Structure formats: C-alpha cells, structure tokens
Amino acid sequence: WAARRAGSFDAEGGLALLSDASALVRAASLTALTDANLASDSEVVDRVTELLDDPVEAVVVAAVTALSSTGLPLAQERLAELAVDAEQPEAVRVAAIDSLSGLGDTGAIEPLLAAMIDEGRAVRLQAMTSLAKLATQDSELGEQALEALLAAARGELVEPAPTPEPELPAAIEETDGSESDSTDE
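Analysis parameters
Residues numbered from 1 in each chain as written. Predicted model: local features only at pLDDT ≥ 70, side-chain atom pairs only at ≥ 80, totals over all residues. Heavy atoms only, no water. Salt bridge = Lys/Arg side-chain N within 4 Å of Asp/Glu carboxyl O. Helix = DSSP H or I, 4+ residues; strand = E, 2+ residues; numbered from the N terminus. Buried < 20%, exposed > 50% of the residue type's maximum accessible area, 1.4 Å probe, protein only. Contact = heavy atoms within 4.5 Å. Core = buried A, V, L, I, M, F, W, Y, C linked by side-chain atoms within 4.5 Å. Axes fitted to C-alpha atoms, helices over the stretch in contact; angles between N-to-C directions. Left-handed = near helix turned anticlockwise from the far one by under 90°. Nonpolar A, V, L, I, M, F, W, Y, C, P; charged D, E, K, R; others polar.

Draft legend 1. Structural view of the pattern of salt bridges. Summed over all chains, the structure comprises four salt bridges. A salt bridge links Glu 50 to Arg 47, with the shortest nitrogen-to-oxygen separation between them at 3.0 Å. Highlighted residues: Glu 50 and Arg 47, both in helix α4 (residues 42-50), separated by three residues, approximately one helical turn. Asp 118 is the partner of Arg 93 in a salt bridge, and the nearest nitrogen-oxygen pair spans 2.8 Å. With Arg 93 in helix α7 (residues 90-103) and Asp 118 in the loop between α8 (109-115) and α9 (121-135), this residue pair connects regions lying 25 residues apart in the sequence. Each member of the pair, Arg 93 as well as Asp 118, is classed as buried.

Encoded structure:
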C-alpha cells in the first residue's frame, strides 16, 4: 500500500509481494495490482491464477477480483469453475459469481444458473443479483439473464429431491456371484 501511494508500485514489485509468506501482504498486493491496472501483465496473470488455490480464503477472494479485472477468456473460465465448486468457501463462490456478472459475457449465464441452486444462501442471492444486473443490459445477454430469473421465479430451477433407494430386507444378502460347493469329493 505504501509503495502504491508513493507511486513506485509496479508489476515486478507486486509480483514479488504475491509470494510473501504473509497472507495479508499477498491479498493487499493483489488489490494493489488490480487498482493499478497491472493485473493483466502475463507474469502477474500466471501468479494470480496460482493464487486461486491459496489456502487462505481472503487471498483467493482477492485473486478472483484481480483475475476478473483482466477481462481475459481465462478469467471467465476459472471464475465459472470457482462459482460452482462446492468445495470452495462460500465467500470465494460469491466473489466469483459477482465477478462473472462484471465480465458481461453470455458464458456467465450457465454458472450463474447453477449457482442459483447452491446450498449456500449467500451464493444463491449473489447469483440472482448478478443475473438481475445482467438483465438490465439491452442485449442478448440481458434477455438470457431475464429468462433465467423468470425461470427461477417459476420454480423451474429447483432440483427435485433425490429419490431414496428402497431398503432391502435384512434377510437378503448380497452375493459375490460365485457358487459355493458344499459337497466333499
């Protein structure tokens, strides 16, 4: 932050800070690179993409924001993956969903639809908010987003509850398919 305020923050310095042992420094560096419009430098993009797997949630959220600021096709692909990855923390999925709507591409619709049936309430709400944001656009994308919202309002996006498998009576045992010969020769 101090380097950025002094006007000496550059991609090389930011890149070095992205490898810092401190998660706070990594997250702040990602924010600084984004604010300084340096996140699209190819070396920085590679390192930012690596930080999407950082063990610290705040660093991953900052990496999501930095990657989305590049507008690169890689960004949309990775953000779409993160948005629907149930293994990711909810904050990461929410950030990815928010970032997808900012990219304004038709490829955002499918992951936003998938996110609308996520188990996390915040994820579902962000997906609806992002679709509403896209629906305000006077374009094909806006029409697709509006249709998705209307489908959700009609309940068409709700996945049916899984059908429970019938329980077998305890007397029925599974066999391995081999026949046993109980006679002695």
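Draft legend 2. How the structure looks around α4. Taken as a whole, α4 has its buried residues at Val 44, Val 45, Arg 47, Val 48 and Thr 49. Taken together, the buried residues of α4 touch α2 (11-17), α3 (23-35), α5 (57-68) and α6 (73-83).

Draft legend 3. Region of interest: the nonpolar core. Within the largest apolar cluster, 38 residues are counted, with the highest numbers of intra-cluster contacts made by Leu 30, Val 48, Val 64, Ile 97, Leu 131 and Leu 134. Among the elements that take part in this core, α5 stands out by supplying seven residues, more than any other.

Draft legend 4. The packing of α5 against α6, seen in detail. In contact at an axis separation of 9 Å, α5 and α6 are set at 145° when each is read in the N-to-C sense. α6 is crossed by α5, and the crossing has left-handed handedness. Contact with α5, carried on its side by Val 64, Leu 67 and Ser 68, involves Ala 75, Arg 78, Leu 79 and Leu 82 of α6 and no other residues of that element. Taken together, the residues that form the contact of α5 with α6 break down as five nonpolar, one polar and one charged.

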